[in-house]
Amino acid sequence: GLREGICVMEAAFVSAGGLGCAGVRTAVSLRGQTVPLSAAAAPFVRARAAVAAACRNVTRVQGAGAAQMSATFRSEQKDVVVITGSSSGLGLEAAKELAATGDWLVVMAVRSFAKAEKAMREANINPENYRVMSLDLASLTSVRQFVDELKSFLSRARLDLNALVCNAAVWYPKDKKPRFTADGFEEHVGTNHLGHFLLAHLLVSDLHKSAKTGLSPRLVFIGTETHNPDSIAGKVPPQADLGQLQGLLKGLGEEAPMIDGKKFEPTKAYKDSKVCNAITMKQMSDRYSPRGVVVSALFPGCVASSGLFREKRGWFNSFFPWFQKNITKQYVTTQEAGHRLASVVANPLYSTSGAYWKWNSLKLGVGKMDVVGTNIAISQQARDEKVAGVLYEKSAELVGINPTPKSKSLPEPATEIERQVRSANAMR
């Protein structure tokens, strides 16, 4: 069958070291568009396309006397990706790129329905390739309503959820006093972390259901260099620091709105929320990658002209892009950042769960940006198992869920194909 054939080829591809090859790139056709891949990935992609073409409009019979089962893969059957905050910025660029292939149905989970719809119309994206749905991550009720509506839509359309991108974020650098979500949480952490935390956990079972052998669904978080005090960008004060989670343990309300329980500082609150995203990514990878879901994060580069900086002072918005272009060499356009996000969603090169992808400059201040993302370490505090465990469990309590415990071992493969994939993954 199609998916079994793809699985065997992916196993061979990974065994050959394809996912570890980040050197020479070649342009190949993937999902109807030309994308850059390593030389090792190109044969896999061409073979996958060939198998897909050969297996369309075919039926198969399972076992002697078994009922005939349809295995027809119609062209209108699309993979489904949900992208939060996709009415602008890199979320919008990724949505446009994936929708333009014709192979993806992009669900744009946004606060402004009209803004998202207008952006896609102006880009001449086929309306059949996207769907705009309302989501306010600052309200846990809105998150639950969105999930119910999404599941109802997918059920009616007989579609699977193949990817979820937790992209939306708020940052209010000029605030002197904290804002609070509908549920009473400090808004940076309540929106950027807790809203996505609930959304990801309510949809991870749907991602798991869509996991077919060799075609792992993706759960992707957007990271930032500033979450890590050991990085150049992360050293700029105020630095991210979760402390002993005193504020989180008190509920992130008016008494203690900051995670560390200290005085409110909006930029630190934003950075702390991105540490939480990195921790959530690692914790969910530990729990759900054994169940077939690839959980990862990426820092796509510094989109210095992003709307995220809209509340910064004028001098900052003039100086910061110049600094990132000429000094750190980390500057990327919104379009390029969106392309990198789309790649992490759809490109087989980015199939490592627990990875934190970053595109590095070849040398600080010299050369160009790497053409393929590199899996780097998250911040030291985000790797602290004690802090991560407490944050994960308390976050679950605050949003009202009981997450799946960590798996001590992978489940035993049920089929020969799954055993081949397991063996190939072990050789990465």
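Residues numbered from 1 in each chain as written. Predicted model: local features only at pLDDT ≥ 70, side-chain atom pairs only at ≥ 80, totals over all residues. Heavy atoms only, no water.

Q: What is the right way to read helix α11 (residues 385-399) from this model?
A: Because each turn of an α-helix spans 3.6 residues, side chains separated by three or four positions in sequence point in the same direction. Look at α11: 21 Å from first C-alpha to last across 15 residues, which is about the 21 Å you get at 1.5 Å a residue. Among the residues of α11, Val387, Ala388, Leu391, Tyr392, Lys394, Ser395, Ala396, Leu398 and Val399 are the ones counted as buried. In this structure, the buried side of α11 is in contact with α5 (140-157), α6 (187-209), α7 (246-249) and α8 (266-288). Capping of α11 at its N-terminal end is provided by Asp384; its side-chain oxygen lies 3.0 Å from the backbone amide nitrogen of Lys386. At the C-terminal side of α11, Gly400 shows a positive phi close to 80°. (Helix = DSSP H or I, 4+ residues; strand = E, 2+ residues; numbered from the N terminus. Expected span 1.5 Å × (residues − 1). Buried < 20%, exposed > 50% of the residue type's maximum accessible area, 1.4 Å probe, protein only. Contact = heavy atoms within 4.5 Å. Polar contact = N/O pair within 3.5 Å; in protein donor to acceptor, adjacent residues only side chain to side chain.)

Q: Can you help me understand the packing of α5 against α6 in this one?
A: Helix packing for two helices is described by the angle between their axes and how far apart those axes are. Running from N to C, α5 and α6 point in directions that differ by 25°, and their axes come no closer than 9 Å. Judged on the interaxial angle alone, α6 and α5 are roughly parallel. For the element pair α5 and α6, the recorded crossing hand is right-handed. Taken together, the residues of α6 that come into contact with α5 (itself represented by Leu140, Val143, Arg144, Phe146, Val147, Leu150 and Lys151) are Leu194, Gly195, Leu198, Leu199, Leu202, Leu203, Ser205 and Asp206. Taken together, the residues of the contact of α5 with α6 break down into 10 nonpolar, 2 polar and 3 charged. (Axes fitted to C-alpha atoms, helices over the stretch in contact; angles between N-to-C directions. Parallel < 35°, antiparallel > 145°, perpendicular 65-115°, else oblique. Left-handed = near helix turned anticlockwise from the far one by under 90°. Nonpolar A, V, L, I, M, F, W, Y, C, P; charged D, E, K, R; others polar.)

Q: Is there a simple way to explain the pairing of strand β8 (residues 163-166) in this structure?
A: Taken residue by residue, a regular strand's side chains alternate between the two faces of the sheet. Side chains of β8 alternate between two faces, with Ala163 and Val165 and Leu164 and Cys166 buried alike. Where strand β5 (residues 79-84) lies against β8, 3 bridges are found, and the strand directions are parallel. Bridge pairing in β8 links Val82 to Leu164. Taken together, the 4 bridges between β8 and strand β9 (residues 218-222) define a ladder with parallel strand orientation. Within β9, the position partnered with Ala163 by the bridge is Arg218. (Pairing = 2+ DSSP bridges.)

Q: For this particular structure, what's the right way to read the pattern of salt bridges?
A: Oppositely charged side chains can form a pair if their charged atoms are brought close together. Tallying each qualifying case throughout the model produces 12 salt bridges. A salt bridge links Arg179 to Asp175; the shortest N-O distance between them is 2.7 Å. Between Glu393 and Arg287 there is a salt bridge; the shortest N-O distance is 3.6 Å. With Glu393 in helix α11 and Arg287 in helix α8, the pair connects residues that are 106 residues apart, well separated along the chain. Ionic contacts of the salt-bridge type, sharing partners, join the residues Asp260, Lys268 and Asp272 into one network. (Salt bridge = Lys/Arg side-chain N within 4 Å of Asp/Glu carboxyl O.)

Q: Explain the sheet that holds β9 here, please?
A: Each strand in a sheet pairs with another by means of backbone hydrogen bonds, the pair being arranged parallel or else antiparallel. A sheet is described by the order of its strands in space; here 8 strands give the open sequence β7-β6-β5-β8-β9-β10-β11-β14, paired in mixed fashion. A single partner strand is all that each edge strand has here, and the edge strands are β7 (130-134) and β14 (374-375). Taken strand by strand, helix α3 (residues 89-100) contacts β5, β6 (104-110) and β9, and its axis lies near 160° from that of β6. Strands in contact with α8 are β9, β10 (294-299) and β11 (356-358); relative to β9, the strand with the most contacts, it is inclined by about 160°.

Q: Just checking my understanding: could you explain the packing of aromatic side chains for this structure?
A: What describes a pair of aromatic rings is the distance from one ring centre to the other and the angle between the planes of the rings. Tallied over the full model, the rule gives 4 aromatic pairs. Between Phe197 and Tyr392, the aromatic rings sit 5.2 Å apart at their centres with planes inclined by 65°, giving edge-to-face as the arrangement. Separated by 195 residues along the polypeptide, Phe197 in helix α6 and Tyr392 in helix α11 bring together distant segments of the chain. Assigned by exposure class, Phe197 and Tyr392 land together as buried. Taken together, the aromatic side chains of Tyr350, Trp357 and Trp359 make up a single cluster linked through ring pairs. (Phe/Tyr/Trp six-rings, centres within 6.5 Å; stacked < 30°, edge-to-face > 60°.)

Q: Mind showing me how you'd approach the environment of Ser273 here?
A: Within the secondary structure layout, Ser273 lies in helix α8. For Ser273, a relative accessible area of 0% puts it in the buried group. Considering only alpha carbons, one finds Ser273 and Ala169, 104 residues apart in sequence, at a separation of 9.2 Å. Leave out the neighbours within four places in its chain, and Ser273 touches His188, Val189, Asn192 and His193.

Q: When you look at the environment of Ala182 in this model, what are you seeing that I'm missing?
A: Within the secondary structure, Ala182 is located in the loop between β8 and α6. Measuring from C-alpha to C-alpha, the distance between Ala182 and Ser142 comes to 9.7 Å, with 40 residues separating the pair along the chain. Apart from the residues within four sequence positions on either side, Ala182 is in contact with Ala138 and Ser139.

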